[in-house]
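Listed here are the chains, written in short residue letters.
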Amino acid sequence: MMELWYRLVSLLPFSWAEAGGLTFMKNALLAIVVISPLFGLLSTMVVTDRMSFFSDALGHSAFTGIAIGALCGLSSPMWAAAAFALVLSALFTWVRYHTDLHSDTVIGVFSSTAVALGIFIATLGGGSFTKFNAYLVGDILSVEPGMIGLLAVLLLLVALLWLTSFDRLLLTSIHPALAGSRGVRVALQEWLFTAAIALVVTLSMTWVGLLVINSLLVLPAAAGRNLARNVRQYHLFSILGALVCGVAGLFLSYYVGSSTGACVTLCLALYFLLSILGRRARA
Amino acid sequence: MSVNRHSGDGCQGACCLRVTGLGVVAQGKTILRSLDLHVHCGQIVALIGPNGAGKSTLFKAILGQQPHTGSIEFERSGGKKTRPLVGYVPQSPAFDRGEPISVLDLFVAAGNAWPAFLPVPKGMREKVRQCLARVHGEGLMDQKLGSLSGGELQRVLLALALEPLPHVLMLDEPFSGVDVEGELRLLRLLDEVRRRFDLSILLSTHDFSNLADYADKVVLMKETVLKVGTPREVMDSPEFAAVFHLRLREGEG
């Protein structure tokens, strides 16, 4: 599999892409090609369903899961983070449907509690917080083929969720009562979607970086929305924009020697700016 | 005070929606109690009552989204009873003008037979066009939901509620946010729909000004049904005065 990819990459006109060039860049490029459409796809519903604050909270509380995992002595705390985020998303959906609170209040409650818990565990007995810094910034250049495979499986799962559930998700975000009247189990749909965000955020944070991961879940669709007239165009502009900005961000980070996550985010911000200008021009 | 408590007469052989002895208690508070209601096919019934009278809870119960006591049935003309298939027109939701969701997207998503983010097959597009034609809204298909006027959005939601064709059409405050011309157009449309499809139509409203022009029957409710009759009968009743005028005087005091 990877051999095929390396041969494909060697067609690119870059010195690192030649046969015998920099393997970590080739891996990173493949990871970006897998991750960015995933984020582009999810971002459409994050923005339409006004969940950007929620995905941000998930990102912030993901290291709580890592801290718990580390406390339990797990070798790979990422899975603990994923499990923690799944529980959190289920709790969040439950509270949202069983209280009269606005969802931004519910998110605020969960986010601050989870973050505090994380800091509490991490610094328990005078522990140092610095070991978590790697998660905050992220490093896509350290991604290994096995992980890329995992991310590809994740992309496949989310694509499957989209094919089977997108209609119900969309109708729920348009009007929950209308969706309910047509047999949609609204809370279940919301939970499936929040669970997908939870998994994607926690499984990719090591490479993207928690501080900027939310930008990937918001900016592609925020820009796409400025350009699209319907749901099909919306997906096209979001996914394509995420892919182009992801690859451009990786190249930029390589040549200027800066964090990849930050470079991708800056490219996306530029895309968003252009989309506003594009809308002005069309209007 | 108890009007229409004599359940059993109700449908008189014709098809109708029949609500019997409906009760809802939520968090220890009685919201609806022993409520009886009949809506015959081909009839437009207007539901009125002060805020907090339980109108939306009644709607939720009929939609099957609210645990309740008592029964809600649809009786066919032969007398055979089923769960009612309800076409629900929600109170107009507000959309951002920029929301990239078109009328076509709404129909495809509600149909749940084809993922709305993929290119829409020709046959499906044609079917949506036919649905919209029922409300004279073929031209709205590719417009964004956020760019529709209040009246246009109501017509689109009405077309959606008519697909698949329901037993009962239920509209929640259909005239709020709709201008006078839009309201007249919507009323003409409801009249057309009722004749053409022989549906039971139940709507809630705060606007009593032209009730007499379209409603066959008015139901005044607060927790339970206080008065049922023609628009004139209900609006001239002491119950109507008690619910609305007394409240006004309390408010002034």
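Here's what I pulled together on the structure shown here. (Residues numbered from 1 in each chain as written. Chains lettered and ligands numbered in written order. Predicted model: local features only at pLDDT ≥ 70, side-chain atom pairs only at ≥ 80, totals over all residues.)

### Things to note about the overall build of chain B
Line of reasoning, step 1. The helix and strand inventory of chain B stands at eight helices and 10 strands.
Line of reasoning, step 2. Here the C-alpha radius of gyration of chain B, 19 Å, is about what a compact globule of 253 residues would show, namely 18 Å.
Line of reasoning, step 3. Overall size of chain B, expressed as C-alpha extent along the three principal axes, is 55 × 50 × 40 Å.
Line of reasoning, step 4. Counting over 253 residues, chain B shows a buried share of 41%.
Line of reasoning, step 5. Sequence-distant contacts in chain B: of pairs separated by 6 or more residues, those separated by 24 or more amount to 68%. (Helix = DSSP H or I, 4+ residues; strand = E, 2+ residues; numbered from the N terminus. Rg over C-alpha atoms; globule rule 2.2 N^0.38 Å. Buried ≥ 20, exposed ≤ 12 C-beta atoms within 10 Å, placed from the backbone. Contact = placed C-beta atoms within 7 Å.)

### Quick word on the interface of chain B and chain A
Much of the literature gives interface size as the accessible area that the parts lose upon coming together.
Line of reasoning, step 1. Listed per partner, the contact involves 22 residues of chain B and 24 residues of chain A.
Line of reasoning, step 2. Secondary-structure elements contributing two or more residues to the side of chain B that touches chain A are β6 (86-89) and α2 (103-111) of chain B.
Line of reasoning, step 3. Counted by class, the side of chain B that touches chain A contains 15 nonpolar, four polar and three charged residues. (Nonpolar A, V, L, I, M, F, W, Y, C, P; charged D, E, K, R; others polar.)

### Quick word on the sheet that holds β6(B)
All names here are of chain B.
Line of reasoning, step 1. If you walk across this open sheet you meet the six strands as β6-β7-β8-β3-β9-β10, and the pairing is mixed. Here the strands that pair on one side only, and so sit at the sheet edges, are β6 and β10 (224-229). Sheet twist, expressed as the average angle between the axes of neighbouring strands with direction ignored, equals 20°.
Line of reasoning, step 2. For β6 and strand β7 (residues 168-172), the ladder comprises four bridges, and the chain directions are parallel. Note on β7: the bridge partner recorded for V86 is V168.
Line of reasoning, step 3. Where helix α1 (residues 55-62) meets the sheet, its contacts fall on β3 (44-48), β6, β7, β8 (200-204) and β9 (217-222), and the angle it forms with β7 comes to roughly 150°.
Line of reasoning, step 4. Its contacts with the sheet place helix α4 (residues 150-161) against β6 and β7, and it is angled at close to 165° to β6. (Pairing = 2+ DSSP bridges. Axes fitted to C-alpha atoms, helices over the stretch in contact; angles between N-to-C directions.)

### As for helix α3 (residues 52-71) of chain A
Residue and element names in this part refer to chain A.
Line of reasoning, step 1. End to end, α3 covers 30 Å across 20 residues, agreeing with the expected 28 Å (1.5 Å per residue, within 8%).
Line of reasoning, step 2. Most pronounced at H60, the bend in α3 amounts to some 30°.
Line of reasoning, step 3. Across the 20 residues that make up α3, a large majority, 15, are buried.
Line of reasoning, step 4. Just downstream of α3 lies G73, where phi reads positive at about 80°. (Expected span 1.5 Å × (residues − 1). Bend = angle between axes of the 7 residues up to and from the residue.)

This is a description of form; function is not addressed.
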